[in-house]
Amino acid sequence: MNKIRLFFQTIFSGHAIIPWMLIVAIIPMCFVSFFAYHIAKTILHQAININLMTTIQKKIEVIDSYIRERKIDLYQISELPTLLKAIQNSQAKNGQIDVLDPNLMAPFSSYLNYLSKKIGINNVYILNLSGKVIYTLKNDAILGTILSADSKMSMDVYSSYEGAKILREPYLFATHQEGRRSSASDIFLSRPVMGGGSLKAIIVIRINAQKIETIIDRLLGYGKSEETLLATLINNTPVVVMYSKEGIDEKNIDILDSQKIQGYLLQAIRGESSTPVELEGNGKGIMAVYRYVPQLNMGMLLKYDRSEVFERIHWLGLNMLLFIVVSLLFVVTLVFWISRELSLANQKNEDLLANTFPDFVIKELKHKKQFLAKNVDHVSIIFIDIADFTTYSLDKPPEIVVQFLDNIFTLFDQICGKYNAMKIKTIGDAYMAASGLTEYREDHAKNTVDLGIQIILAMKHFNLNHKTNFSVRVGIDSGMITEGVIGKTKFSFDIWGNAVNRASRMQSTSEKNKIQITEETFQALTNKEDYTFTPRSNLTVKGLGELNTYFVEEKDSANF
Amino acid sequence: MKLYYKYVIFFMIAFMFFGAIFYYVYSYRNFLVNKEVIKVGVLFSQSGTMELTEKTIINATLLAIDEVNKSGILPGVRLEPVVYDGASNWERFAFLARKMILKDKVKVIVGCWSSSCRKAVKSVVEKYNNLLIYPTQFEGTEESHNIVYLGAAPNQQVIPGISWMFDHYGKKVYLIGSDYIYPHVANEIILADVKSLGGEIVGVKYLPLGSNDVGDVINDIIKKRPDFIVNTINGSTNIAFFTQLNALTTGIKRIPVISFSVSDAEVNKIGIDKYKGNYQVWSYFTLLDTPENKAFLKAYQKKYGNVNNISDPAITAYAGLKLWTQGLAQAITQSVDLNPNIIRGFMLRQSIASPAGVIYIDPFNAMAWRTVLISKVNDQGKMDIVWSSKSPIEPVNYMNSKTKTEWDLFEYQLYTKWNEAWENLSN
């Protein structure tokens, strides 16, 4: 339990500032970046989907307009005055046209010959209403024969004829032979020929399906990997009759092996349309989109490599990643720098504070923003005064004096640390310290006495080293004091009380290189046997009356 | 200093936590957030002369709405049907359409069987820029930016029917229809077609909607002995007509009738033995052997317990709602305003694998490309498909025999003749 508490105290303390700032800055940034990336990707994905659907739509529209144009061509051919005149002048048999006027049909043929190259017509047939072929543009075996649905040779022409005859509108019939290429597929367009307000004959034109393949080829699609398939139903199975692939001359229709493509084509022929669907692989393979082609009654499937289409998305992802990494690095550096600066500044402050105040005061100040004055018992206060320093300093430059004082007090500070005493302050050439302030110590009196002894020794050393002749007067008292901090902006820690006053008096009435202690300190000493005491009974002290005091020395000081 | 850090850290953790929750909700908002309700008006007659025929259309439309809601095609959207009873009265249809648009705030109305109702609703949807999906065969001669016509156009129903009968029965034609706009325009088309084929129209008769007084007409038919009868009667009059025709022509050679508006519901009511030998032109028959049809029949059976009386318009309404859904889904994907007219724009060029085969919406006149099927009721009472166009046929709204202006004038003359109504209410 304690460990956990410690852990939390550690991570929530000011020392863990760097990792926390990193987490605070980076995690939301990663999060936001990922979110932005996801949204951008979704939008692009959708845009690509819409683009693909538009592509297939465009191809269908191109076919649509091609067929519509052919229907207009057919209409114009059927309305040609030469043809209508030939029909009027024709010989009839059983109420039906039997033979068209050859004189009039010759210019018609030459015109059609010219036109057929221009608009890609393979052949033109004219049939009377009983199904007899009365005209063909190219010498066909079926001229003069009566067509029927049973004859395999002319079934396609007959179907086309029948459609237009019953519907009285342009009718399109496409034939395909299984296992053969699109050049073997034909599209038959037929429409009635009206003469004088009544139905006279049916005109049929034959267009090669290759023409449609060419126009799909010509239409720029989505990318290089794109393939377009047009399929129709033959014996209830979808068969690809037209196939186009951009930039490739050799056309192999080996793609039909795929069961999935067959399925999609079947759905397309039935009238379904799709958003892009996957054909193979886990998001890395081939994608397809399919639709119904109304003019040809076929299904169209557009097939493309996913990698090509999604190239741009990958590019976006890469850029986004790069952007995220660079900005993360930037943020990390920034955060690191800021937090280092902050922590350095903090450290400096704390050091300064630690020099001015005792640790426990700093702690309490940090926690409670103030330090409440309180009484502390069992404290020993020591005053150390450098005798004759004033006289010594009279003829010295102030820098030297301060330097000297600094040297001496630094020495005192070091010794203080050894004896668990705390420096309170210095007043001129006097040095004030206390023991037992932070916590209750049984040996507070002993500490101060030892400190005094050590300082006297140290001063002797100092004199030897610096060729000076300083001596110190030391006064100690023990008892209750009040500690506290005064000031709101410029703090200072201090102690007050009777004991402090008496300690000061002890110092002032002491002698050179002697330690004068009060009765209270004498009583508080736990190891009286280590020292020798010289009582100074009934010493009159100003403001305090008569006191029993002692000079104290180390027992075997002779050793020194 | 220390306290400040605690706050920052707490704030960041909270930010991350709520951010994660927000992200989760954002990603799966479709499942967590309340779905937006889009209302779909379903406006057909549940009473009156059209009750029998229009009931199935409502059922099929509601089935489509159910299926769309279950399928999740529309992310974050739930369709809610608003069904009103038009009571076979075009004025009530117009009133209810206005109520749907203004009060219920529907985004689309699937509705209307008869053309007089459609014309009444047309003025309403055009006024409020809403959308009507019209699932019934009609006479063409109309275009609107607020209607998607999914029913068969004349060139997908009337013309092929006449051609077939001409080739197989003869040249004498008798026309009979209800006395409102559709039969009049259809007969005008037939008139021109028969003329171009060199045929003869021996009689034209119109009966008021909902009338059962068919005896005179049948006597006239028997007197004139046509090769076939073209029937454009709508509603319950069909039952009286076929029943009495069957009764009065027993013993003499049966005159085949080709009908454009007789639904299975009425055939069942007439009795299959009295109806056999007659022809119908629809894009859909219950017996069609396609996976879509089987799936539809299964779903319909599951929801309503039977598959009786399913007609072409019912299938069309079903497919129409799904086509509208496709358009709506596209509009949602492209984040455009879900204005009814914008959704109509997205519906164009859509195709669907419906139980009646491919239905594709032509971008130029917002009518449907549909497969034409001519069927005959054989002696066993089953439908034989005698001719099929094999592929969907491009719809034509203004037939060639008249120009667009002539057709508009023709309609206008009828409208004024009938005292500014689309239905002859004088008799």
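Undergrad: For this particular structure, what's the right way to read the overall build of chain B?
TA: Across its full length, chain B holds 15 helices and 15 strands. The dimensions of chain B, computed from C-alpha atoms along their principal axes, are 110 × 45 × 35 Å. A buried classification covers 50% of the 427 residues belonging to chain B. Of the contacts made within chain B by residues no fewer than 6 positions apart, 73% connect residues no fewer than 24 positions apart.

Undergrad: Sorry, what's going on with the interface of chain B and chain A here?
TA: For interface size, the figure often reported is the accessible area lost on association. With 37 residues of chain B in contact, the opposing surface of chain A contributes 30 residues. Per-element accounting of the side of chain B that touches chain A gives the leading share, 10 residues, to helix 1 (residues 2-27) of chain B. A per-class count over the side of chain B that touches chain A returns 22 nonpolar, 10 polar and 5 charged.

Undergrad: For this particular structure, what's the right way to read the sheet that holds strand 11 (residues 351-354) of chain B?
TA: Two orientations exist for strands paired in a sheet by backbone hydrogen bonds: parallel and antiparallel. All names here are of chain B. Strand order in the open sheet formed by 3 strands is 11-12-13, and the pairing between neighbours is antiparallel. The open sheet is flanked by strand 11 and strand 13 (368-369), the only strands paired with a single partner. As paired elements, strand 11 and strand 12 (residues 357-361) share 4 bridges and run antiparallel to each other. Within strand 12, the position partnered with Ser-354 by the bridge is Gly-357. Sitting on the sheet, helix 13 (residues 312-333) touches strand 11 and strand 12, and the angle it makes with strand 11 is about 140 degrees.

Undergrad: Teacher, can you tell me more about helix 14 (residues 498-508) of chain A here?
TA: Because each turn of an α-helix spans 3.6 residues, side chains separated by three or four positions in sequence point in the same direction. Of all the positions in helix 14 of chain A, only Ala-499, Val-500, Arg-502, Ala-503, Arg-505, Met-506 and Gln-507 of chain A are classed as buried. On its buried side, helix 14 of chain A packs onto strand 13 (374-387), strand 16 (471-486), strand 17 (492-496), strand 18 (514-518), strand 19 (531-541) and strand 20 (545-554) of chain A.

Undergrad: Is there a simple way to think about the sheet that holds strand 6 (residues 186-195) of chain A in this case?
TA: All names here are of chain A. An order of 4-3-7-6-5 is seen for the 5 strands of this open sheet, with the pairing classed as antiparallel. Of all strands in the sheet, those with a lone pairing partner are strand 4 (133-136) and strand 5 (171-175), marking the two edges. The average angle at which neighbouring strand axes cross in this sheet is 25 degrees, direction not considered.

Undergrad: Honestly, the nonpolar core in this entry has me stumped. Any pointers?
TA: The tendency in soluble globular proteins is for nonpolar side chains to be buried as a group. Judged by nonpolar contacts, the single largest core of 196 residues is most densely connected at Met-300 of chain A together with Ile-109 of chain B. Beyond its immediate sequence surroundings of up to four residues, Ile-109 of chain B is in contact with Gly-41, Leu-43, Ala-97, Met-100, Val-121, Val-125, Asn-130, Leu-131 and Leu-132 of chain B. Counting residues in hydrophobic clusters, the runner-up holds 43 residues, among them Phe-404, Ile-456, Ala-499 and Ala-524 of chain A.

Undergrad: Explain the domain arrangement of chain A here, please?
TA: All names here are of chain A. Assigned domains of chain A: these are domain 1 (15-64 + 220-351), domain 2 (79-207) and domain 3 (359-559). On the side of domain 2, 6 residues touch domain 1, which itself brings 8 residues to the contact. No other element matches strand 9 (residues 237-245), which puts 4 residues into the side of domain 1 that touches domain 2. Residue composition of the side of domain 1 that touches domain 2, by class: 6 nonpolar, 2 polar and no charged.

Undergrad: How should I be thinking about the confidence of the model for chain B in this particular structure?
TA: The predicted coordinates should not be examined in detail at positions where pLDDT is low. Residue and element names in this part refer to chain B. Averaged over every residue, the pLDDT of chain B is 89; the share at 70 or more is 96%. Of all helices and strands in chain B, the one with the weakest mean pLDDT is helix 2 (residues 29-32) (54), whereas strand 4 (residues 132-134) scores best (96). Interface confidence for the predicted complex, given as ipTM, is 0.86, next to a pTM of 0.75.

Undergrad: Honestly, helix 4 (residues 90-104) of chain B in this entry has me stumped. Any pointers?
TA: Residues and elements named next belong to chain B. With 15 residues, helix 4 extends 20 Å from end C-alpha to end C-alpha; this agrees with the ideal 21 Å at 1.5 Å per step. If you check which residues of helix 4 are buried, you get Trp-90, Phe-93, Leu-96, Ala-97, Met-100 and Ile-101. The arc that holds every buried residue of helix 4, seen down its axis, measures 130 degrees, which confines them to one face. Facing away from the buried side of helix 4 by over 90 degrees, the exposed positions are Leu-102 and Lys-103. Lining the buried residues of helix 4 we find strand 1 (36-44), strand 2 (77-85), strand 3 (108-111) and helix 5 (115-127).

Undergrad: Looking at this model, I keep getting lost on the packing of helix 3 (residues 81-88) of chain A against helix 4 (residues 102-119) of chain A. Mind explaining?
TA: In a pair of packed helices, the angle between the axes and the distance between the axes together describe the arrangement. Residues and elements named next belong to chain A. It is at 9 Å that the axes of helix 3 and helix 4 come closest, and there the two elements cross at 155 degrees. Taken together, helix 3 and helix 4 sit at an angle that is classed as roughly antiparallel. For helix 3 against helix 4, the interelement crossing comes out left-handed. On helix 4, the residues touching Thr-82, Leu-83, Lys-85 and Ala-86 of helix 3 are Leu-104, Met-105, Pro-107 and Phe-108.

Undergrad: Is there a simple way to explain the packing of helix 3 (residues 51-71) of chain B against helix 13 of chain B in this structure?
TA: All names here are of chain B. Packing of helix 3 against helix 13 leaves a shortest axis separation of 8 Å and a crossing angle of 30 degrees. Comparing the axis directions of helix 3 and helix 13 gives the class roughly parallel. Pair helix 3 / helix 13 crosses with right-handed handedness. Facing Thr-56, Ile-57, Ala-60, Thr-61, Leu-63, Ala-64, Ile-65 and Val-68 of helix 3, the residues of helix 13 in contact are Pro-313, Ala-314, Ile-315, Ala-317, Tyr-318, Leu-321, Lys-322 and Thr-325.

The rules behind these values
- Residues numbered from 1 in each chain as written.
- Chains lettered and ligands numbered in written order.
- Predicted model: local features only at pLDDT ≥ 70, side-chain atom pairs only at ≥ 80, totals over all residues.
- Helix = DSSP H or I, 4+ residues; strand = E, 2+ residues; numbered from the N terminus.
- Buried ≥ 20, exposed ≤ 12 C-beta atoms within 10 Å, placed from the backbone.
- Contact = placed C-beta atoms within 7 Å.
- Nonpolar A, V, L, I, M, F, W, Y, C, P; charged D, E, K, R; others polar.
- Pairing = 2+ DSSP bridges.
- Axes fitted to C-alpha atoms, helices over the stretch in contact; angles between N-to-C directions.
- Core = buried A, V, L, I, M, F, W, Y, C linked by C-beta atoms within 7 Å.
- Domains from an automatic or database assignment.
- pLDDT = per-residue confidence, 0-100.
- Expected span 1.5 Å × (residues − 1).
- Arc of directions from axis to C-beta.
- Parallel < 35°, antiparallel > 145°, perpendicular 65-115°, else oblique.
- Left-handed = near helix turned anticlockwise from the far one by under 90°.

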